[in-house]
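# Examination of the molecular architecture
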Amino acid sequence: MSQTIASAPAPANSRSRVMFASLVGTTIEFYDFYVYATAAVLVFPYLFFPPGNERVALLASFAIFGAAMIARPLGAVFFGHLGDKIGRKTTLIYALLTMGIATFLIGLLPTYHAIGWLAPLLLVIMRLAQGFAIGGEWSGAALVATENAPVGKRALFGTFPQLGAPLGFIIANGLFLIVAAALPSDNPSRPSDAFLDWGWRIPFLFSAVMVIIGLWIRLNLVESTAFSKAVSTGKVVKLPLGEVIRRNWRELILGTFYMLATYVLFYLMTTFSLSYGRAPIEPAADQLGGLGYSYNNFVLMLIFGVVFFGIFTLLSGLLADRLGRRKTLILVTLGIILFGLLWVPLLSAGFVGVMLWLVLGFSLMGMTFGPMGALLPELFPTNVRYTGSGISYNVSSILGAAVAPFIAVWLWGIGDGSPFLVGIYLACMAVLTLLALIIGKETRDVDINH
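Residues numbered from 1 in each chain as written. Predicted model: local features only at pLDDT ≥ 70, side-chain atom pairs only at ≥ 80, totals over all residues. Heavy atoms only, no water.

So, on to the overall build of the protein chain. The helix and strand inventory of the protein chain stands at 23 helices and zero strands. Along the first, second and third principal axes, the C-alpha set of the protein chain runs to 70 × 45 × 35 Å. Buried residues in the protein chain amount to 60% of all 450 residues. Summed over all atoms, the accessible surface of the protein chain reaches about 16,800 Å², with 71% contributed by carbon and sulfur. Charge centroids of the protein chain, computed over 27 positive and 20 negative side chains, lie 12 Å from each other. (Helix = DSSP H or I, 4+ residues; strand = E, 2+ residues; numbered from the N terminus. Buried < 20%, exposed > 50% of the residue type's maximum accessible area, 1.4 Å probe, protein only. Areas by Shrake-Rupley, 256 points an atom, 1.4 Å probe, with all protein chains shown as cover. Lys, Arg positive; Asp, Glu negative; His and termini not counted. Charge placed at Lys NZ, Arg CZ, Asp CG, Glu CD.)

See the structure below:
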């Protein structure tokens, strides 16, 4: 393999192919992830756990949701090893297949009423497979984008895999919304019986179609010049994990904390917000108070907010190429801290306040998420870049996303239905990210082919 590459330079991917391949793959992966996130709030508390206490069932559903985050670093190590040894293209295909199969199988699972405790056990296994797969997906897609980017536009190209998050959210929730509208419920806080019987399975089964499209696109990719150069010059290492821990441990730690505020904000805005938005204004004894919106109405509000997520993801790439990654993210992180302190005033201001909260939260999400597609890969040399960027990105998922929904529900309960403490939690996590950014260095001018 190394002799073939050494004798003939690897063909370059066109700019449109790079953009499309990195965008489509992560869109499918995030679609699969959001389908589960939506079902974790809307369906699984009713179907996969013993009836009787809605709060306990919701917490259990979020616990399984967080279990995937535990598997993500393992996926990052496994797929990172493959990506740094055999190449980005083949590894990305394996990751996409793993995610697609797990999501499809969730759509076929029997419920607690049919097989008892075996149902949540199978759900955990499939959820772990999802997390394992996405642990290898993001870093590979980010490398495809950044290692093939033109000079001076690496952050902009790095935003294309990041755009998969808002697009995947819109497609997943849009499909759930269509199914819910076709199977309407008389109770705004609970789906209809038909939806709970079979309607919820449609978005999971539909993932098979999207995976086929993604595979076709990724099979047409060729390896990046950076990886081909590493192979031809004998720079590929036998154990990328050991190499990156030994030589780049500082970058692993910094990269993990760079992502912390991003992850917490990400899952508060997409998962916790759906629970809080749909919770009744006057709750029953086993419920927490919230905004009292119907599922359909609040998802439409979320989708509107996510449009700003996508817009500001693109804008952040342009800004990070112009100002630098570090300066851009320091400014955005200061904005996240302020946003966390404003939750109660915004959410207490009626429909306009809630919409402003969603728009501000998702705009900040785009501004912090966009530059990460370039920043994390730039921290590591080519021969350990897949492993290093993947570990940082996914270890942060444990510190942030794995516990964020669970902690948010707990703080929501302590506050007797007020989201004040949840906003303070976000602000505190953003302070940790701010400290890491202050300690770190600018990476805009790093040679990506080194």
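Below, the discussion takes up a nonpolar patch on the surface. On the surface, Leu97, Ile101, Phe104, Leu105, Leu108 and Leu205 cluster together into a nonpolar patch covering about 470 Å² of accessible area. Top contributing element to the nonpolar patch by residue count: helix H5 (residues 88–106), with four residues. (Patch = residues over 30% accessible without salt bridge, like charges linked within 9 Å, V, L, I, M, F, W, Y side chains within 5 Å. Salt bridge = Lys/Arg side-chain N within 4 Å of Asp/Glu carboxyl O.)

Here we come to the packing of helix H17 (residues 325–341) against helix H19 (residues 350–369). Axis separation between H17 and H19 bottoms out at 9 Å; the angle between their running directions is 155 degrees. Put simply, H17 runs roughly antiparallel to H19. The hand of the H17/H19 crossing is left-handed. Facing H17, whose interface residues are Leu329, Val332, Gly335, Ile336 and Phe339, H19 presents Trp357, Leu360, Gly361, Leu364, Met367 and Thr368. (Axes fitted to C-alpha atoms, helices over the stretch in contact; angles between N-to-C directions. Parallel < 35°, antiparallel > 145°, perpendicular 65-115°, else oblique. Left-handed = near helix turned anticlockwise from the far one by under 90°. Contact = heavy atoms within 4.5 Å.)

This part is about the pattern of salt bridges. Across all of its chains, the model carries eight salt bridges by this definition. A salt bridge links Arg88 to Asp84, with the nearest nitrogen and oxygen atoms 3.1 Å apart. On the accessibility criterion, Asp84 (1% relative accessible area) is buried. Arg154 is the partner of Glu378 in a salt bridge, and the nearest nitrogen-oxygen pair spans 2.7 Å. Taken together, the residues span a long stretch of sequence, with Glu378 in helix H20 (residues 372–378) and Arg154 in helix H8 (residues 154–162) at a distance of 224 residues. When salt bridges that share partners are traced, they join Asp84, Arg88, Glu147 and Arg385 into one network.

A separate point is the nonpolar core. Formed by 139 residues in total, the largest nonpolar core has its most connected members in Phe44 and Trp200. With 15 residues, helix H2 (residues 15–42) is the largest single contributor of residues to this core. Beyond its immediate sequence surroundings of up to four residues, Phe44 is in contact with Tyr36, Ala39, Phe49, Ser61, Ile106, Leu123, Trp200 and Phe204. (Core = buried A, V, L, I, M, F, W, Y, C linked by side-chain atoms within 4.5 Å.)

Time to look at the packing of aromatic side chains. Across all of its chains, the model carries 35 aromatic pairs by this definition. Relative to Phe206, the ring of Tyr31 lies with its centre 6.3 Å away and its plane at 70 degrees, an arrangement referred to as edge-to-face. Note that Tyr31 is positioned in helix H2 and Phe206 in helix H11 (residues 201–218), a separation of 175 residues in sequence. On the accessibility criterion, Tyr31 (0% relative accessible area) is buried. Note on Phe206: relative accessible area 35%, which makes it partly exposed. Linked through ring pairs, Phe30, Tyr34, Trp138, Phe169, Tyr263, Phe266, Tyr267, Phe309, Phe362, Phe369 and Tyr393 together constitute an aromatic cluster. The ring of Tyr36 carries Arg127 above its face, with NZ or CZ at 4.2 Å from the centroid. (Phe/Tyr/Trp six-rings, centres within 6.5 Å; stacked < 30°, edge-to-face > 60°. Lys NZ or Arg CZ within 6 Å of the ring centre and 35° of its normal.)

Attention now goes to the environment of Phe78. By secondary structure assignment, the location of Phe78 is in helix H4 (residues 54–85). Phe78 sits in the partly exposed class, given a relative accessible area of 42%.

We now examine the packing of H8 against helix H16 (residues 295–323). Direction vectors running N to C along H8 and H16 enclose 160 degrees, while the axes themselves pass 7 Å from each other. With respect to H16, the axis of H8 lies roughly antiparallel. Here H8 and H16 pass one another in a crossing that is right-handed. Within the contact between the two elements, H8 uses Arg154, Ala155, Leu156, Thr159, Phe160 and Gln162 and H16 uses Thr313, Leu314, Ser316, Gly317, Leu318, Ala320 and Asp321. Here the residues of the contact of H8 with H16 are counted per class, giving six nonpolar, five polar and two charged. (Nonpolar A, V, L, I, M, F, W, Y, C, P; charged D, E, K, R; others polar.)

In this model, the protein chain carries an average pLDDT of 87, and 96% of its residues clear a pLDDT of 70 or more. Helix H1 (residues 2–7) is the least confidently modelled element of the protein chain, averaging 36 in pLDDT, while H17 averages 97, the highest of any element. Low pLDDT, under 50, characterises residues 1–11; the stretch is placed with 12 contacts to residues that sit more than four places away or in other chains. (pLDDT = per-residue confidence, 0-100.)

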